[in-house]
Amino acid sequence: MNQIEYAQIYLNAMDLIYKQEALTRDIEGNENQIMPSGYGEFKVAKVEVSGLGDFERGKGYAQGSGKFKWETIKMQKERSIEIRVDRLENGEARDQAFSSMCSELERTQVIPEIDAARVANIFGYTGVKTVAEKITTGEEVIKALRTLANYMDNAEVPAENRVLWINTNLLSLVEDLNTYQSKAVLKKFSVIKPFPESRFYTDITLKDGKTEFGYVPAEGAHIGNFIAFHKGAVVAKTAQFMKYFTPEQDQKADDHVMQYRNNSLWAYIFENKIKGVYGSYNSDPITPAEEGDL
């Protein structure tokens with residue numbers, strides 16, 4: 001088996017972990033919604049139709065129009081890392097060290113960063129309805145979710161296929177009530193997904209990998225309460241790539257080498273569906289002490 005085949009095996013395994021464990025996979029676009037284009041670009045499918053007019057006897061139907069087009073969107077970020085494992089260390093671990101590190105990279109670094117970046121982009125997306133509110137009780141969560149549901153109802157967002165991403169602490173407050181009201185408000189969503197606070201910021205800073213890695217909440221960021229959207233209103237795409245080099249091919253040392261890279265469109269919200277997205281966040285910004293604890 002050559003290094004290209006090895007790289008594809010590792011990449012397939014990482015893609016499988018991503019599909020199973022990424023919390024934001026609800027918005028991962030399929031080939032009918034979004035696809036790679038040129039270098040650093042994606043194409044997003046956009047559909048537009050005109051409204052109704054009068055039918056006039058003798059003249060017939062009002063003449064409207066319909067459009068389907070692929071809009072080219074630039075990727076928002078390109079991220080990468082190189083991981084090395086010494087040949088002997090990998091052998092001492094019965095050839096498990098390298099593959100274990102690949103899985104650990106995807107599970108503990110790549111996926112949380114993608115989730116956090118997508119959440120932050122939705123909170124900061126121009127035109128999305130966002131509310132700053134301090135929520136500390138289950139009753140307050142119910143009230144906030146009812147406000148959200150009323151907003152979507154009045155905006156004529158379909159009641160089916162509404163997705164709720166919610167701070168895990170707030171979901172616990174609602175579930176602990178175990179009342180008719182708490183159950184009724186949760187039934188308004190077809191998918192409810194709890195998010196840890198470490199992936200639920202209104203803004204993040206991505207480290208460049210020169211002295212620090214990963215991401216942190218940006219200065220002045222807030223912890224999210226919840227995000228709700230109608231499935232199909234938001235799409236995102238992350239394309240992952242990998243190269244693998246054997247110790248014999250390594251020109252620097254005697255290592256197994258993995259070079260990982262991804263291109264991402266964190267979030268794209270269709271203009272005609274912008275009212276199908278709603279966000280709520282804690283009105284208090286994250287303090288340095290809180291950031292250190294996260």
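First things first, this report covers the structure right here in the doc. (Residues numbered from 1 in each chain as written. Predicted model: local features only at pLDDT ≥ 70, side-chain atom pairs only at ≥ 80, totals over all residues. Heavy atoms only, no water.)

## Section: the sheet that holds strand 11 (residues 234–245)
Taken together, the 3 strands give an open sheet; going across it, the order is 4-12-11, and neighbouring strands pair in antiparallel fashion. Since the sheet does not close on itself, it has two edges, and those belong to strand 4 (77–86) and strand 11, each with one partner. Neighbour to neighbour, the strand axes of the sheet diverge by 15° on average, direction disregarded. Of the pairings in the sheet, the one linking strand 4 to strand 12 (residues 255–269) comprises 10 bridges and is antiparallel in character. For Asp86, the partnering residue across the bridge sits in strand 12 and is Asp255. In the packing of helix 3 (residues 97–123) onto the sheet, the strands contacted are strand 4, strand 11 and strand 12, and the crossing angle to strand 12 comes to about 20°. (Pairing = 2+ DSSP bridges. Helix = DSSP H or I, 4+ residues; strand = E, 2+ residues; numbered from the N terminus. Axes fitted to C-alpha atoms, helices over the stretch in contact; angles between N-to-C directions. Contact = heavy atoms within 4.5 Å.)

## A few points about the sheet that holds strand 10 (residues 222–230)
One open sheet accounts for 5 strands, arranged 5-13-10-6-7; its pairing is mixed. The open sheet has two free edges, formed respectively by strand 5 (129–132) and strand 7 (191–195), since each of these has just one partner strand. The sheet shows a mean angle of 15° between the axes of neighbouring strands, taken without regard to direction. Where strand 10 and strand 13 (residues 277–285) come together, 6 bridges link them in antiparallel fashion. In the strand pairing of strand 13, Phe226 is matched with Ser280. Packing of helix 3 onto the sheet brings it into contact with strand 5, strand 6 (162–167), strand 7, strand 10 and strand 13, and relative to strand 10 it is tilted by some 80°. Strands in contact with helix 5 (residues 168–177) are strand 6, strand 7 and strand 10; relative to strand 6, the strand with the most contacts, it is inclined by about 105°.

## Overview of the side chain of Lys237
In this structure, Lys237 sits in strand 11. We note that Lys237 is buried and unpaired, the nearest opposite charge coming from Glu28 at a distance of 4.1 Å. Looking at Lys237, its side chain comes within polar contact range of the main-chain oxygen of Gly29, at 3.2 Å. Those residues in contact with Lys237, other than ones at most four positions away along the chain, are Glu28, Gly29, Ile34, Phe42, Arg118, Asn263, Ser264 and Leu265. (Buried < 20%, exposed > 50% of the residue type's maximum accessible area, 1.4 Å probe, protein only. Lys, Arg positive; Asp, Glu negative; His and termini not counted. Salt bridge = Lys/Arg side-chain N within 4 Å of Asp/Glu carboxyl O. Polar contact = N/O pair within 3.5 Å; in protein donor to acceptor, adjacent residues only side chain to side chain.)

## As for the layout of surface pockets
Computed from the structure, the largest pocket encloses a volume of approximately 400 Å³. The wall of the largest pocket is formed by 19 residues, among which Arg79, Ser80, Ile81, Glu113 and Gly214 lie closest to the centre. Residue assignment for the lining of the largest pocket shows that the elements contributing at least two residues are strand 4, helix 3 and strand 12. At 6 residues, helix 3 tops the list of elements feeding residues into the lining of the largest pocket. Broken down by class, the residue content of the lining of the largest pocket amounts to 7 nonpolar, 6 polar and 6 charged. (1 Å grid on protein atoms, 1.4 Å probe; cavity = no way out; pocket = protein on both sides within 12 Å on 5 of 7 lines; lining within 4 Å. Points joined across faces, edges and corners; volume = space filled by probe spheres on them. Nonpolar A, V, L, I, M, F, W, Y, C, P; charged D, E, K, R; others polar.)

## Points about the pairing of strand 2 (residues 41–49)
Consecutive side chains along a regular strand alternate between the two faces of the sheet. Of the pairings in the sheet, the one linking strand 1 (residues 34–36) to strand 2 comprises 3 bridges and is antiparallel in character. Across the sheet, residue Pro36 finds its bridge partner in strand 2, namely Phe42. Connecting strand 1 to the antiparallel partner strand 2 that follows it, the hairpin turn spans 4 residues, and Gly40 within it adopts a positive phi of roughly 70°. Pairing analysis gives 9 bridges linking strand 2 to strand 3 (residues 66–74), with the strands arranged antiparallel. Looking across to strand 3, one finds that Glu48 is bridged to Lys67.

## A word on the nonpolar core
Counting 28 residues, the largest nonpolar core has Met14, Phe98, Leu105, Tyr201, Ile204, Met258 and Tyr260 as the members making the most contacts within it. Those elements giving two or more residues to this core turn out to be helix 1 (3–21), strand 4, helix 3, strand 11 and strand 12. With 10 residues, helix 3 is the single largest residue contributor to this core. (Core = buried A, V, L, I, M, F, W, Y, C linked by side-chain atoms within 4.5 Å.)

## Structural notes on the packing of helix 4 (residues 138–154) against helix 5
When two helices pack together, you describe them by how their axes are tilted relative to each other and by the distance separating the axes. Between helix 4 and helix 5, the least distance of the axes is 8 Å, while the angle of their chain directions is 105°. Relative to helix 5, the element helix 4 is oriented roughly perpendicular. Taking contact as the criterion, the partners of Gly138, Glu139, Val141 and Ile142 in helix 4 are, on helix 5, Leu170, Leu173, Val174 and Leu177. By residue class, the composition of the contact of helix 4 with helix 5 is 6 nonpolar, 1 polar and 1 charged. (Parallel < 35°, antiparallel > 145°, perpendicular 65-115°, else oblique.)

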